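Reading the structure
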Amino acid sequence: MLINRYLRQFAYLCSGLCLVHANVLAQGNPADIEATNELLPLSWEELTELEVSSLARQEQTVKDSPAAAFVITSEDIRRSGATSLPEVLRMVPGMNVAKINAWNWAVSARGFNDLYANKLQVMIDGRSIYDPLISGVYWGQQNPSLPDIERIEVLRGPSGSLWGANAVNGTINIITRSARDTQGGLLNAGGGTEERGFGGIRYGQKLSESTFLRGTISTMVRDASIDLAGQQDTHDTGDTETANFRLDSQLSAQDKLMLEANVSRYRLGGYYIGKTSTNAPLWQNDDFGRDGVTGSLQGNWSHRTDSGHDWRLNMAFTQTEWQLAVNRMSRSHYDLDFQHTLPAIIDNHKLMWGVNYQNISDSFDNTLTLGFEPEQLTQHNVGVFLQDQIGLTDDLTLTLGNRVEHFTFTGWETEPNARLLWTPNKQHSLWAAVSRAVVLPNRAQHSIRLFKQIPDTNRFFEAKANPDMLTENLLAYELGWRWQVSTSLDIDSALFYNIYDRMQGTKFTSVTYNNPTYGNIKQATVANYRQVDSYGLELALNYRVNHDWRLQASYSANQFSVNYDKNQPWFRDPLTEEHFNPQHNLSLRSLYNLTSEIELDAWARYVDEVYIDRRSIPAYISLDLRLGWHPHKNLELSISGQNLLDDQHPEFSDVLYIPVASQIQRGYLAQISWHF
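Thresholds, definitions, all that
Residues numbered from 1 in each chain as written. Predicted model: local features only at pLDDT ≥ 70, side-chain atom pairs only at ≥ 80, totals over all residues. Heavy atoms only, no water. Helix = DSSP H or I, 4+ residues; strand = E, 2+ residues; numbered from the N terminus. Rg over C-alpha atoms; globule rule 2.2 N^0.38 Å. Buried < 20%, exposed > 50% of the residue type's maximum accessible area, 1.4 Å probe, protein only. Contact = heavy atoms within 4.5 Å. Phe/Tyr/Trp six-rings, centres within 6.5 Å; stacked < 30°, edge-to-face > 60°. Lys NZ or Arg CZ within 6 Å of the ring centre and 35° of its normal. Salt bridge = Lys/Arg side-chain N within 4 Å of Asp/Glu carboxyl O. Pairing = 2+ DSSP bridges. Core = buried A, V, L, I, M, F, W, Y, C linked by side-chain atoms within 4.5 Å. Patch = residues over 30% accessible without salt bridge, like charges linked within 9 Å, V, L, I, M, F, W, Y side chains within 5 Å. Areas by Shrake-Rupley, 256 points an atom, 1.4 Å probe, with all protein chains shown as cover.

1. Let's talk about the overall build of the protein
- Along its length, the protein carries 7 helices and 42 strands.
- For 676 residues, the compact-globule estimate of 2.2 N^0.38 gives 26 Å, and the protein sits close to it at 25 Å.
- Along the first, second and third principal axes, the C-alpha atoms of the protein reach 80 × 70 × 45 Å.
- Counting only residues that meet the buried cut, the protein has 58% of its 676 residues in that class.
- Taking the intrachain contacts of the protein between residues at least 6 apart in sequence as the baseline, contacts between residues at least 24 apart amount to 63%.

2. Description of the packing of aromatic side chains
- Per the stated rule, a full pass over the model turns up 21 aromatic pairs.
- Consider the rings of F364 and F372, whose centres lie 4.0 Å apart with planes at 25°: the pair is stacked. Across the pair, F372 and F364 agree in class, each one buried.
- The interplanar angle of 75° and the centroid separation of 5.7 Å between the aromatic rings of Y529 and W570 together place this pair among those described as edge-to-face. With Y529 in strand 32 (residues 519–546) and W570 in the loop between strand 33 (549–562) and helix 7 (576–580), this residue pair connects regions lying 41 residues apart in the sequence.
- The class of Y529 is partly exposed, set by a relative accessible area of 27%.
- Among the aromatic residues, those joined into a ring-pair cluster are Y116, Y138, Y272 and Y657.
- The residue whose ring lies beneath R290 is W322, and the NZ or CZ to ring-centre distance is 4.6 Å.

3. Re the pattern of salt bridges
- Evaluation of the coordinates by the stated rule reveals 39 salt bridges.
- The shortest N-O distance in the salt bridge between D601 and R626 comes to 2.7 Å. You can see D601 sitting in strand 35 (residues 598–607) and its partner R626 sitting in strand 38 (residues 620–632), a full 25 residues away along the chain.
- On the basis of relative accessible area, D601 is assigned to the buried category, the value being 4%.
- The class for R626 is buried, based on a relative accessible area of 3%.

4. Some details on the environment of S596
- With respect to the element layout, S596 can be found in the loop between strand 34 (584–593) and strand 35.
- Residue S596 is classed as partly exposed on the basis of its relative accessible area, which comes to 39%.

5. Some thoughts on the sheet that holds strand 41 (residues 662–665)
- Spatial strand order, 13-41-40: 3 strands in an open sheet with antiparallel pairing. The sheet terminates laterally at strand 13 (226–227) and strand 40 (648–649), the two strands that pair on one side only.
- Bridge count for strand 40 against strand 41 is 2 bridges, and the pairing is antiparallel. Residue Q648 lies in a different strand from strand 41, and its bridge partner there is Q665.

6. Here's the deal with the sheet that holds strand 8 (residues 149–156)
- Pairing in this open sheet of 5 strands is mixed, and the strands run 3-8-9-6-7 from one edge to the other. The two strands at the open ends of the sheet, each matched to only one other strand, are strand 3 (68–73) and strand 7 (127–128).
- Note: strand 3 against strand 8, 6 bridges, orientation antiparallel. The partner of T73 across the bridge, within strand 8, is R151.

7. Some remarks on unusual backbone geometry
- The peptide bond linking A280 to P281 adopts the cis configuration, its omega dihedral lying at -10°.
- Positionally, P281 belongs in the loop between strand 16 (275–276) and strand 17 (283–284).
- Across the junction of E373 and P374, the peptide omega takes the value 5°, indicating a cis bond.
- With phi around 60°, F112 is a residue other than glycine that occupies positive phi space.
- Within the secondary structure layout, F112 lies in the loop between strand 5 (105–109) and strand 6 (120–124).
- Located in the positive-phi region is N166, a residue other than glycine, with phi close to 80°.
- Among the structural elements, N166 can be located in the loop between helix 5 (160–163) and strand 9 (170–176).
- Its relative accessible area of 8% is what places N166 among the buried residues.

8. Concerning the nonpolar core
- Formed by 41 residues in total, the largest nonpolar core has its most connected members in L133, Y272, L450, F461 and Y657.
- Not counting the four nearest positions on each side in its chain, L450 is found in contact with I273, T369, L370, F461, E462, A463, L656 and Y657.
- Counting residues in hydrophobic clusters, the runner-up holds 27 residues, among them V88, W139, I152 and V154.

9. A short note on a nonpolar patch on the surface
- A cluster of nonpolar side chains, L541, Y543, V545, W549, Y592, L594, L600 and L627, forms an exposed patch at the surface whose accessible area comes to about 600 Å².
- If one sorts the elements of the nonpolar patch by residue count, strand 32 sits on top with 3 residues.
- Mapping Y592 onto the fold places it in strand 34.

10. Thoughts on the pairing of strand 9
- Of all 7 residues in strand 9, 7 are buried, a share of seventy percent or more.
- Going residue by residue along strand 9, you find G170, I172, I174 and T176 tucked away on one face and T171, N173 and I175 tucked away on the opposite face as well.
- Pairing geometry for strand 6 and strand 9, over 5 bridges, is parallel. Considered in strand 9, the bridge of M123 is made with N173.
- By the bridge criterion, 7 bridges tie strand 8 to strand 9 in an arrangement that is antiparallel. Directly across from I149, in strand 9, lies its bridge partner T176.

As structure tokens, then:
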């Protein structure tokens, strides 16, 4: 019955597109039709020649980067049929992406995947969206309009010397299109079985010969997921509305200015944490989810002097207000970042330095279930970095860098790295790196008090924070090789060996106390208990079969070795690192232009088995298909099917914070995009 319902909905979508097709053909002019082969994503050679800014805090090509770099272009995003950022990140080798329910994702690089994965720095136009409360990203709160994204730059491995604490296993910078490049209007809309409705309107206006303004309003409504029995939904339906404004101005021949404002409203339903009460029932699940607003204002000013000095000043302010079933939070986050790139004052040396300051003030309304002590706190974090890029020979470059930071929670930390790049010819480039990076303890680890029922039992526990938490440390060794085998085939590979020290872990203490209402209450606390080693391989292959057909494949393997007592009363799985992360991931994308107007894209993924919260999540293979049509150069229509190989499957679980597990269902959707 479920399949029949989906097939009927899919047929309705196809009928709707055919109706639009007929109208367009009736009105269209053949001269206005744009060949789809002009839209085929860039070849690997073109991709590696792209100049990106996140990899070294300055313009640099991927090919010249001594790091595991990957770029997702706007064409990759468009032809994926994806409607959210985490879906797009599945393209990147070495990224672990798992959907927990309609709005919550586990996203990490090189393992340690979790709802609150804490080793990935994520930015939008240089503004961090890393949440200092949980050391992760609330992906459900981040819903930028995907057509506004120019590219996503992904750097796997440590980059703490440039981007600071928490840029440990990866750094992602989402670059949006400039206002200058988005003049005129864009209307996009769509809907389907799981993505119930989404769309937005964008309009850009030229204010003067050198100043441009753009505004975008977008929305998203999602259906609920289904429970593990496949019988009932998990109440995680919800909707978001986002408004974004960007101004770009060439103030003079030497000065550029970018201002950006963003407001996002989100109502993300679903079971989250639950409620403890002093009256019966003492414990109950609650599907309120999260209801909140996040607003940000950021600016970037760059200046180049006559003598060749480059100055760049970034300022950002983010205000976040949200409510759970029983708790409220308010937080203000200020960020000031300055960097200075010097001209070549010494032969073969390229020097850059900078400073960064963060001020984070938050306030919580404490309840019996969840509280923070103190309720209000302000953090001051400051850092200074220096990097020297040294041309040892014509084909050998050494990069040395270090960042020294002072944090409110842990005091002084240092994050040095050394990188060597050898490009013996145009076909090969090899690189090696040794880096140290740190994960800063978050506000929850320092201040949380969580009192709730132990999952799947009738007993209660109290989890207490540890104000003496230290940073987690990483010492990473990396090797990489980029090989242009032929004009149509390229291979990018990376090997890594990571040593993690002072890893966080939560376990029950020997303290148990009796309460006349709740009985014997166990106590748990977090500390730097664990040591973990990991090693792995990442491969990306790009093959252009012919002018109209391109294949992209990626494979990653990850292994862990833990060095701690597995017999301790760990709160969660005693082998978290080994069990939470799939050992093997495989992705294969095909982008094919059937005709000059029609695109057929396919994306298959294999994800290995994981074991979470004493529950096995089997390995799965998923398949997405997309059919796109350009009846006019300004009009695009597409239909997509997602997760086509089964009705539903689970991808991840977190019973501590999301007590009702969900499965991800097969979905169909149709999209329309019109430039005017």
